[in-house]
Amino acid sequence: MALETASMDLKLRELLGEVRLGDSAAETLDRLVSSVAEAIGSIPDQEICADAALGFVRDLRVAYDKVGFTFKRPEAVEVSGSHSVGCVAKPDVNVDLLVRMPKECFHEKDYLNHRYHAKRCLYLCVIERSLRSLPSIRRIKWSTFQNEARKPVLLIYPATDLPELAEFYIRIIPAAASLFNPAKLSLTRNNVRAFNQGGVTQATPKYNSSILEDMFLEENAGIVKKAFQDWKTLEEALILLKVWACQRSSLFTHDCLNGYLISILVAFLTGETGGNIINKSMSALQIFRVTLKFIGMKVFLHLVFNKWSSSLTISRIGNLTSETHYVHDMTQYLQSFAVVICDVSGHLNLAFRMTRAAFVELQDEAARTLNCIDKCGDAGFEEIFINKVDFASKFDSCLRINLKGNSKASASDFCLDDECWRVCEKDVHSLLQQGLTDRAKLIRAIWRNMPSEWRIDDGFSNFGNEQLLVGISISSQETSFRVVDVGPNPENKEEAIKFRKFWGEKAELRRFKDGTIAESTVWDCEPWERHLIIKRITEYVLSRHFLLLKEHMVHTVDQLDFSLHLGGKGLILGAFDVLSKRLWLLDEIPLKVSSVQPLDP
């Protein structure tokens, strides 16, 4: 065991050495960041109006005459994110600069109807225009904050000859400390008047959280900085956690984890309200393990999803007894969000973008990783930190959906409470969950909707051109590939009507061998075609309820099935069985083959 621990420690040292910047690169990076911060801080006052981003303002449905203002230089420009705590890791080398927008640029009620978001964008337009003329800047790109289209950020690529910093960029993120009264952005308030049902306005918790996030960016960043101060092993553990998450492409997404949220969780576990689970006597690997253990704890699951009187709450480091905040109306939070992690202010749910499906997958991955460490020791190093777990290898069944021009996807404005792309993700997930029932253990729907190149004046016209990805993990072969789904008893009229409305022509009333009469759906097929049942269900459900044509859906399950039909009786499957048995009997190899699985068509 001691040798295994020493071996794992050596591998971790090598990994950290590879992903951390060298001294020369770090010094150059600091110099480049300082020069950009100084340039931003010296931008002169000037008038700005909707003309600078006509498409963006138009697609937010904001009146052009409501967004003009006098640009004032930022009240503060501060380094945030990984670089502020010494945790920048290759290959994605970037630094966050928080730019605090002055209150004078806004009106008291600019939190209404996306006026804040429009002015936030115009503020960035002035910075972009000013920096573009500098010879020290080789490129400027527009991007989004956590894939949220209404919250653009600037990516500044400084000119540098260092290969280590070839793709280095500085992310300019507007902050809005003390801009509005947080009470005006509570969960129950409606701040987008167009968001209503039958003329009755609905609460806008996602929209309100989008603004609150900017208001408390600096304060929450300060909490993280204080927790990580002079704590090298904590920095190393954060890098390991980021590497682990980045290698799992379905986790490091807008609806699940990001480096900021990981650092918040780690900072929480160092404090009293986090039970002082992390302390300074721990190694980086121990901190890595206890963080994953905390994420996978059933207590955390209950704390997040059950209607308890309080939630996981991030508190001020070093002043825990007097500054601990509790969320009094947790029922309202849990009705509005799938996952709740309250910040230091008590007003913002830091996990307002996280979906329940993403959180369940996160817990599952955390449990799998801990199991790998316990069972494999240092032999599991590659699986945990090196091997890429992409979407196709994570899920048993994958589906790509082309929603460009789809009437359901474009039925509403781009942005109301939530953005239309997030609404589509939710609707697709809900339909498939209802259609597949217990056939699926987990369903993830992810739409990376931002175009690779974005001109801010184009607005959102090119958003959503990428395909929506759906991953399905089956529960078991017996359950997932069954031919008949049994629905409600016809005497339960309300449920029977719902069943028939959902399934349409596929619903039929059947009498079963035990005498039971029930609504049902039948997916008749040959035994060797049962692996296609999930494909047939998803195509039927999405065609019926999302108005999709089959050519708009690509299911990676049957592309080579023609080879299974030789002789008409599944000859290749029989050959596979023979091959499997022969592999099991091999005794001239160091490790015996215990099972053989077909991984790809």
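Residues numbered from 1 in each chain as written. Predicted model: local features only at pLDDT ≥ 70, side-chain atom pairs only at ≥ 80, totals over all residues. Heavy atoms only, no water.

## Details of the packing of aromatic side chains
Heads up, the rule is: Planes of paired rings set the category: under 30 degrees apart is stacked, over 60 is edge-to-face and the rest tilted, where pairs are Phe, Tyr or Trp rings (Trp by its six-membered ring) whose centres lie within 6.5 Å. The secondary structure listing takes helices from DSSP runs of H or I that are at least 4 residues long and strands from runs of E that are at least 2 residues long, numbered from the N terminus. Burial classification: accessible surface area is computed with a 1.4 Å probe over protein chains only, and a residue below 20% of its type maximum counts as buried, one above 50% as exposed, and the rest as partly exposed. Only when the NZ atom of a Lys or the CZ atom of an Arg is both within 6 Å of the ring centre and within 35 degrees of the ring normal do we say a charge sits over the ring.
Inspection of the entire model under this criterion finds 26 aromatic pairs. For the ring pair Phe 69 and Phe 106, a centre distance of 6.5 Å and an interplane angle of 15 degrees mean the geometry is stacked. Of this pair, Phe 69 sits in strand β2 (residues 69-71) while Phe 106 sits in the loop between β4 (94-100) and α5 (115-131), and the two are 37 residues apart along the sequence. Taking the relative accessible area as the measure of exposure, Phe 69 reaches 6% and is therefore buried. Judged by its relative accessible area of 9%, Phe 106 falls in the buried class. With a centroid separation of 6.2 Å and 15 degrees between ring planes, the pair formed by Trp 503 and Tyr 540 is classed as stacked. With Trp 503 in helix α19 (residues 493-503) and Tyr 540 in helix α20 (residues 533-546), this pair connects stretches of sequence that are 37 residues apart. We note that Trp 503, like Tyr 540, is buried. For Arg 139, the ring lying beneath its charged end belongs to Tyr 157, and the centroid distance is 5.4 Å. Directly above the aromatic system of Trp 231 lies the positively charged group of Lys 280, at a separation of 5.2 Å from the ring centroid.

## Concerning α19
Each full turn of the α-helix corresponds to 3.6 residues, which orients residues three or four apart in the same direction. Applied cut-off: Directions drawn from the helix axis to the C-beta atoms are what define this arc. Every residue pair with non-hydrogen atoms within 4.5 Å of one another is taken to be in contact.
Looking only at α19, the buried set comprises Ala 496, Phe 499, Phe 502 and Trp 503. Taken end-on, α19 shows its buried residues confined to a sector of 130 degrees, consistent with a single buried face. Turned more than 90 degrees away from the buried face of α19 sit Lys 493, Glu 494, Ile 497 and Lys 501, all of them exposed. Residues of α19 that are buried sit in contact with α17 (420-436), β14 (507-511), β15 (517-522) and α20. Backbone geometry just after α19 places Gly 504 at a positive phi near 55 degrees.

## Thoughts on the UniProt feature "domain: Nrap protein" (unreviewed entry) in the chain
Rules: UniProt positions are given in the numbering used here, feature names are shortened, and annotations may be inferred rather than shown by experiment.
Mapped onto this numbering, the UniProt entry annotates "domain: Nrap protein" (unreviewed entry) at residues 95-229, 234-388 and 393-546. End C-alpha atoms of residues 95-229 are separated by 18 Å, and the span's content is 30% helix alongside 27% strand. When the span residues 393-546 is considered, its composition is 31% helix and 21% strand, and the gap between its end C-alpha atoms is 27 Å.

## Some words on the nonpolar core
Our working definition: Each nonpolar core is a collection of buried residues, namely Ala, Val, Leu, Ile, Met, Phe, Trp, Tyr and Cys, held together in the definition by side-chain atoms within 4.5 Å.
Counting residues in hydrophobic clusters, the biggest one holds 168 residues, and the most contacted among them are Ile 127 and Ile 172. Ranked by residue count, the leading element in this core is α5, at ten residues. Sequence-distant contacts of Ile 172, that is, excluding residues within four places in its chain, are made with Val 36, Ile 40, Leu 97, Val 99, Leu 124, Ile 127, Val 153, Leu 154 and Ile 156. With nine residues, the next largest nonpolar core counts Val 153, Leu 155, Ile 173 and Leu 217 among its residues.

## Quick word on unusual backbone geometry
Following Lys 90, the chain continues into Pro 91 via a peptide bond in cis, with omega recorded as 5 degrees. By secondary structure assignment, the location of Pro 91 is in the loop between α4 (81-84) and β4. Look at Arg 61: it is not a glycine, yet its phi comes out positive at around 60 degrees. Mapped onto the elements, Arg 61 comes out in the loop between α3 (54-59) and β2. The exposure class assigned to Arg 61 is exposed, which follows from its relative accessible area of 52%. In the Ramachandran plot, Asn 147 falls in the positive-phi region, its phi being about 65 degrees despite a non-glycine side chain. Structurally, Asn 147 is set in the loop between β5 (137-145) and β6 (148-158).

## Side note on the domain arrangement of the chain
Quick note on the threshold: As annotated, the domain borders come from an automatic or database domain assignment. Buried area is calculated as the accessible area (1.4 Å probe) missing from two parts once they are joined, with the contributions of both summed. The working definition used for a salt bridge is a side-chain nitrogen of Lys or Arg within 4 Å of a carboxyl oxygen of Asp or Glu. In protein, a polar contact requires one atom able to donate a hydrogen and another able to accept it; more generally it is a pair of N or O atoms within 3.5 Å, and residues adjacent in sequence count only if both atoms are side-chain atoms. As a working rule, the residues Ala, Val, Leu, Ile, Met, Phe, Trp, Tyr, Cys and Pro are called nonpolar, Asp, Glu, Lys and Arg charged, and the rest polar, with Gly in that last group.
Taken domain by domain, the chain comprises domain 1 (24-177), domain 2 (180-192 + 205-389), domain 3 (395-483 + 523-563) and domain 4 (568-600). Its C-alpha centre places domain 1 at a distance of 26 Å from the equivalent point of domain 2. The partner domain 2 presents 27 residues to the 34 residues of domain 1 that form the contact. In total, domain 1 and domain 2 occlude about 2600 Å² of area from one another, counting both sides; carbon and sulfur atoms represent 56% of this. It is Val 85, Tyr 111 and Gln 146 that lose the most area in domain 1 upon contact with domain 2, and together they represent 27% of the buried surface on that side. Remark: the boundary between domain 1 and domain 2 carries five salt bridges. Where domain 1 packs against domain 2, one counts 18 residue pairs in polar contact (both at pLDDT 80 or more). Of all the elements in the fold, those that place two or more residues in the side of domain 1 that touches domain 2 are β3 (76-80), α4, β4, α5, β6 and β7 (169-175). Residues belonging to the side of domain 1 that touches domain 2 are distributed by class as follows: 15 nonpolar, ten polar and nine charged.

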